[in-house]
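# Fold and geometry: a report
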Amino acid sequence: MIIIKSKKEIEYMEEAGKIVAYTHELLKEHIKPGITTKELDHIAENEIRKHGAIPAFKGYHGFPATICASVNEEVVHGIPGLKTLEDGDIISIDIGAVINGYYGDAARTHPVGNVREEASALIEVTKQSFYEGLKFCKEGYRLSDISHAVQKYVEENGFSVVRDFVGHGIGQNMHEDPQIPNFGLPGKGPRLKSGMVLAIEPMVNMGSYHVKTLLDNWTVVTIDGKYSAHYEHSVAITEEEPIILTTI
């Protein structure tokens, strides 16, 4: 069941979303060669708590950290640790926060120092594919119109979309209905209605779309070892233009 949010609920979610956005902006300043993913995690947790919010991921099904920090071939759910970022790496940071009982969730991929041209293109295509999907975040379109727009843009640019993980509804729970694939035919699924809030999150691989989960039962990596990127916002459907809740 897709839960329709009231205007007040969306305001609560926007507060959570802004805290997520502030945290992303702070981490962006610290993403440089030499820093560890654990250090980034500490910075993020302090920032989220400073705003009176709670890290949404920490303890979620046992996840041990505030952020997901996925480096290079890691797609999603990377566990922060002693890994030191090096020049030429890329890192995907996923952040969630909860305040007043409502969630915000967003992800970004950043270059570390000087990255090769194809890695830079991967980051930009992943980001833009979200905005291609956003064009269909309006009343009357169907859910798969978003999915199709993401896939079409990614594949036209020579990359592939991950099939095993998808976007989701969000509200008083971090994961709600509906699931939002980043692939598929248009014109399928429920029609979008004002009050729906969707976490749309393209996960894009440089090579094959096939992935696997490592023995830590969290970290997802590309099968072929090629780079992957991730971009996500929480988006509210309205009677007019969609509202990105996870931005400043």
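Summary of the structure given here. Quick caveat, the model's predicted, so the values are computed rather than measured.

We now examine the packing of aromatic side chains. Tallied over the full model, the rule gives six aromatic pairs. On the basis of an interplanar angle of 45 degrees and a centroid distance of 6.1 Å, the ring pair of Tyr 131 and Tyr 231 is categorised as tilted. Linking Tyr 131 in helix H3 (residues 117–134) with Tyr 231 in the loop between strand E13 (228–230) and strand E14 (233–236), this pair joins segments that are 100 residues apart in sequence. By relative accessible area, which is 27% here, Tyr 131 ends up partly exposed. Note on Phe 136 and Tyr 141: the rings are 5.0 Å apart at their centroids and 75 degrees apart in plane angle, and the pair reads as edge-to-face. Accessibility expressed as a relative area gives 26% for Phe 136, which makes it partly exposed. Note on Tyr 141: relative accessible area 33%, which makes it partly exposed. By way of ring pairs, the aromatic residues Phe 130, Tyr 131 and Tyr 231 are connected into one cluster. A cation over a ring is seen here: Lys 8 above Tyr 12, with NZ or CZ 5.3 Å from the ring centre. Taking NZ or CZ as reference, Arg 163 lies 5.2 Å from the ring centre of Phe 183, over its face.

Attention now goes to the pairing of strand E9 (residues 197–200). Taking every second residue as pointing to the same face, both faces of E9 are buried, with Val 197 and Ala 199 on one and Leu 198 and Ile 200 on the other. As paired strands, strand E7 (residues 167–169) and E9 are joined by two bridges and run antiparallel to one another. For Gly 169, the partnering residue across the bridge sits in E9 and is Leu 198. In terms of strand pairing, E9 meets E14 through four bridges, oriented antiparallel. If you follow Ala 199 over to E14, its bridge partner there is Ser 234.

With respect to topology, three strands assemble into an open sheet ordered E6-E10-E13, the strand pairing being antiparallel. At either margin of the open sheet sits one strand with a lone partner, and together these are strand E6 (160–161) and E13. Examined bridge by bridge, strand E10 (residues 203–205) and E13 share three bridges and lie antiparallel to one another. Bridge pairing links Asn 205 to Ser 228 in E13.

What counts as what
Residues numbered from 1 in each chain as written. Predicted model: local features only at pLDDT ≥ 70, side-chain atom pairs only at ≥ 80, totals over all residues. Heavy atoms only, no water. Phe/Tyr/Trp six-rings, centres within 6.5 Å; stacked < 30°, edge-to-face > 60°. Helix = DSSP H or I, 4+ residues; strand = E, 2+ residues; numbered from the N terminus. Buried < 20%, exposed > 50% of the residue type's maximum accessible area, 1.4 Å probe, protein only. Lys NZ or Arg CZ within 6 Å of the ring centre and 35° of its normal. Pairing = 2+ DSSP bridges.

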